[in-house]
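Working through the structure, step by step
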Amino acid sequence: MRCVIFDLDGTLTQSHEGILNSIAHAAETMGFALPPEAERMKFVGPPLDYSFRNYLGMTPEESMRAVALYRERYWSVGMFENRVYPGIRNLLRMLKRRGDWVAVATGKPTEPSRKILEHFGLLRYFDRVVGPDENDHRAEKETLIRRALPETWEEAVMVGDRCFDIEGGRKVGIRTVGVCYGYGTEAELREADCDETAATVDALINLLCPGEARPAGAFLSVEGLDGSGKSTQIGLLADALDRWGFEVVHSREPGGSPVGEKIRDILLDPQNRGMEPLTEALLFAASRAQHVREAIRPAVAAGKTLLCDRFVDSSVAYQGGGRGLGVQRVLEINREAVDGTWPLVTLYLDIPHREALKRRMAASDPDRMEAEPEDFHRRVEEAYRAMIAAHPERFAVVDATRSAEEVGKQAAEQVLSRLMAAEEA
Ligand code: TYD
């Protein structure tokens, strides 16, 4: 069995956001001015007391109070203002698939470290998480790495972003990999004499699992009436997924491929007033056939999380409901185009059509669909509801009449919990 031991901050997670916010909280509460944003990264790494005294000019007493203020905020909210590096989820899944022993050896105390991993749904991938105990705050990295290893082992590798990780691994006598995407520099890692370096998570995957296929990613779609806040919510959802370490790829329909984008122009051109509903449905399906084969399937096969702005449900709603072709007929038209490729989760931004209309009125020039009368959009809403009722397992329905922030939070929770369940399966 091979053992892979990871450092946490700068290797698995990018943690400076919470650290800097908590330093800002302490400084502002005490009336100290912070340096400009660009210079704040120097606070990440050195002991807090050092930074407060040297960078902000605090007295030892002031610094003690600042450290207390920092800790109060960091251990409640700051530790979750954090991002898993994109691709790390896939790497951990691959290591588990190989049957490796996977552990963390970090300078952060054990409990909060476990909480961070738990928060991002990653704890399940680790056989052990080791940080300093209450009574040995100064534990050396070497000691932590030894504790992270099982009782007997043959082959082990330490992965970290700072010289301490590499030096620790060398003292234990194991292979060391320095990652250059974290908080250390390549020069620092080389000076510490690491065996290999990885510039990106992708390179790290190739080092640790050479030639192995990525686990399949996921296809997600977002649906809703025009005016439901879809663009804003796609942005927020992509950010949440990215924070969790998913490799997000964006796409949209109609479009999503060069051919599809050309079809999109025809479909949305306000001058094409005479287009037959059947022609319209076939064009949407044609764009989709290209999109599924050229973009969606390859992205999912490469382990990406493809987030698509609209998919078949839009055809069912707009052409089936709005244009009156009927749900079944539109599904039939799309059968070959989709050929079994359905989203794992479809986020539906639920807003009554009248409410959506009010929002659209406030926005800019309508396209050919948006310009349709209210009754058209009522039928679109009804057809969406029929799809949701028929496929409750696929849809995540969120009340989109609330504030963008609230909607975003609920949407992320629902989508992430389904992705987690799928990762487990
Ligand atoms: P959308 O990308 O949401 O428009 P915008 O970029 O202006 O927000 O979608 C374009 C329009 O196309 C929208 O009104 C819905 C419609 N549509 C269909 O009628 N059928 C379909 O299959 C798809 C994908 C979209």
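As the structure is a computational prediction, the values presented were derived from the model and not from experiment.

Thresholds, definitions, all that
- Residues numbered from 1 in each chain as written.
- Predicted model: local features only at pLDDT ≥ 70, side-chain atom pairs only at ≥ 80, totals over all residues.
- Heavy atoms only, no water.
- Core = buried A, V, L, I, M, F, W, Y, C linked by side-chain atoms within 4.5 Å.
- Buried < 20%, exposed > 50% of the residue type's maximum accessible area, 1.4 Å probe, protein only.
- Helix = DSSP H or I, 4+ residues; strand = E, 2+ residues; numbered from the N terminus.
- Domains from an automatic or database assignment.
- Contact = heavy atoms within 4.5 Å.
- Pairing = 2+ DSSP bridges.
- Axes fitted to C-alpha atoms, helices over the stretch in contact; angles between N-to-C directions.
- Left-handed = near helix turned anticlockwise from the far one by under 90°.
- Nonpolar A, V, L, I, M, F, W, Y, C, P; charged D, E, K, R; others polar.
- Polar contact = N/O pair within 3.5 Å; in protein donor to acceptor, adjacent residues only side chain to side chain.

Let us now look at the nonpolar core. One broad trend across soluble globular proteins is that nonpolar side chains are buried collectively. Counting 104 residues, the largest nonpolar core has Phe 6, Phe 52, Phe 126 and Leu 204 as its most contacted members. With seven residues, helix α17 (residues 404-424) is the single largest residue contributor to this core. Each of domain 1 (1-155 + 199-208) and domain 2 (218-424) contributes no fewer than three residues to this core. Among all residues touching Leu 204, those that are not within four sequence positions of it are Phe 6, Leu 91, Val 159, Val 177, Val 179, Tyr 181 and Ala 198. One finds Ala 105, Ala 139, Ile 145 and Ala 148 within the second-largest nonpolar core, a separate group that totals 15 residues.

This next bit is on the sheet that holds strand β1 (residues 2-6). Taken in spatial order, the six strands line up as β5-β4-β1-β6-β7-β8 in an open sheet, and their pairing is parallel. In the strand order of this sheet, the two ends are held by β5 (128-130) and β8 (196-198), each with one partner. Strand-to-strand twist of the sheet, defined as the mean angle between neighbouring strand axes without regard to direction, takes the value 20 degrees. Of the strand pairs in this sheet, strand β7 (residues 175-179) and β8 are connected by three bridges, and their pairing is parallel. Counted as the bridge partner of Val 177 is Glu 196 from β8. Relative to the sheet, helix α4 (residues 88-98) contacts β1 and β4 (101-105), its axis offset from that of β1 by approximately 155 degrees. The strands touched by helix α5 (residues 110-119) are β4 and β5; relative to β5, the strand with the most contacts, the crossing angle is about 135 degrees.

This part covers the packing of helix α13 (residues 312-322) against helix α14 (residues 327-338). Close contact between α13 and α14 brings their axes to 9 Å; oriented N to C, the two are set at 145 degrees. Like other packed secondary-structure pairs, α13 and α14 cross with a definite hand, here right-handed. Counted together, Val 312, Ser 315, Val 316, Gln 319 and Gly 320 of α13 and Val 327, Val 330, Leu 331, Asn 334 and Val 338 of α14 form the full contact between these two elements. When its residues are assigned to classes, the contact of α13 with α14 shows six nonpolar, four polar and no charged.

On to the pairing of strand β11 (residues 305-309), then. Residues in a regular strand project their side chains so that they alternate between the two faces of the sheet. Along β11, five of the five residues are buried, which leaves the element largely enclosed by surrounding structure. The two faces of β11 match: Thr 305, Leu 307 and Asp 309 on one face and Leu 306 and Cys 308 on the other face are all buried. In the sheet, strand β9 (residues 218-224) pairs with β11 via five bridges, with the strands oriented parallel. From the neighbouring strand, Ser 221 faces β11, where its bridge partner is Cys 308. Of the pairings in the sheet, the one linking strand β10 (residues 248-252) to β11 comprises five bridges and is parallel in character. Across the sheet, residue Ser 251 finds its bridge partner in β11, namely Cys 308.

Within the secondary structure, Ser 221 is located in strand β9. Of the residues examined, Ser 221 reaches a relative accessible area of 2% and is grouped as buried. Here the side chain of Ser 221 touches Thr 346 through a polar contact of 2.9 Å, side chain to side chain. Setting aside residues no more than four positions away along its own chain, Ser 221 makes contact with Cys 308, Phe 311, Pro 343, Val 345, Thr 346 and Leu 347.

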